[in-house]
Amino acid sequence: MSRWGFGSAVHGTANATTTSSQILAANANRVWARLTNVGTAIVSFRLGTAVAVSLEGIRLGTEGADRTWDMSRGQQNVWTGAIQGIAAGGTSKVVAVEGEALNPT
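Residues numbered from 1 in each chain as written. Predicted model: local features only at pLDDT ≥ 70, side-chain atom pairs only at ≥ 80, totals over all residues. Heavy atoms only, no water.

Trainee: I'm lost on the overall build of the chain in this one. Help?
Mentor: In terms of helices and strands, the chain carries zero helices and eight strands. Each helix and strand of the chain, ordered N terminal to C terminal, gives the series β-β-β-β-β-β-β-β. The burial tally for the chain puts 36% of its 105 residues in the buried class. Summarising the internal contacts of the chain: among those between residues at least 6 apart in sequence, 79% fall at separations of at least 24. Carbon and sulfur atoms make up 50% of the accessible area of the chain, which amounts to about 5800 Å² in all. (Helix = DSSP H or I, 4+ residues; strand = E, 2+ residues; numbered from the N terminus. Buried < 20%, exposed > 50% of the residue type's maximum accessible area, 1.4 Å probe, protein only. Contact = heavy atoms within 4.5 Å. Areas by Shrake-Rupley, 256 points an atom, 1.4 Å probe, with all protein chains shown as cover.)

Trainee: What's the story with the nonpolar core in this structure? I'm lost.
Mentor: Nonpolar side chains in soluble globular proteins tend to end up buried together. Formed by 16 residues in total, the largest nonpolar core has its most connected members in I23, L35, L60, I83 and V94. Those elements that place two or more of their residues in this core are β1 (6-16), β2 (21-24), β3 (30-37), β4 (43-47), β6 (68-72), β7 (83-87) and β8 (92-101). (Core = buried A, V, L, I, M, F, W, Y, C linked by side-chain atoms within 4.5 Å.)

Trainee: Sorry if this is basic, but what is going on with the environment of E98 here?
Mentor: Along the chain, E98 falls in strand β8. In this structure the C-alpha to C-alpha distance between E98 and L24, which are 74 residues apart in sequence, comes to 8.9 Å. The contacts of E98, once residues within four sequence positions are left out, are S8, A9, V10, L24, N27, R30, W32 and A33.

Trainee: I keep staring at the pairing of β3 and nothing clicks. Help me out?
Mentor: For a regular strand, side chains alternate in direction, first toward one face of the sheet and then toward the other. When you tally the buried positions in β3, you get seven out of eight residues, the bulk of the element. Pairing between β3 and β6: five bridges, direction antiparallel. For T36, the partnering residue across the bridge sits in β6 and is T68. (Pairing = 2+ DSSP bridges.)

Trainee: Teacher, can you tell me more about the sheet that holds strand β5 (residues 58-60) here?
Mentor: Strand pairs in the sheet, formed through backbone hydrogen bonds, run parallel or antiparallel to each other. Strand order in the open sheet formed by four strands is β2-β7-β4-β5, and the pairing between neighbours is antiparallel. Looking along the sheet, the strands with just one partner apiece sit at the ends: β2 and β5. Strand after strand, the sheet turns through a mean of 40° between neighbouring axes, direction not considered. When β4 meets β5, the two strands line up antiparallel, connected through three bridges. Its bridge partner lying in β5, F45 is registered against I58. (Axes fitted to C-alpha atoms, helices over the stretch in contact; angles between N-to-C directions.)

Purely geometric stuff here, so don't read any function into it on its own.
What follows is the structure, given as structure tokens:
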């Protein structure tokens, strides 16, 4: 049986503005992450590269399930590079939680 988990969790927040900025730094030991838009503006983010315009890349809405995005090794879709975001207008706060490997190599 395959088993995976994480040994530590890091919680943080980032402000997405109308200029692309880092939401999560690169982390080679990341095995799980969740981004939640708790602000009032739509936030778009890209994996690894700056977001040039709002509504480009993966979108975090402002209501319901659309405001959260998850990734996990159990789903075989973990991005370990930096995540960049941009708000459609003003500033929107993004809560980020990531888990690191139990036994990082």
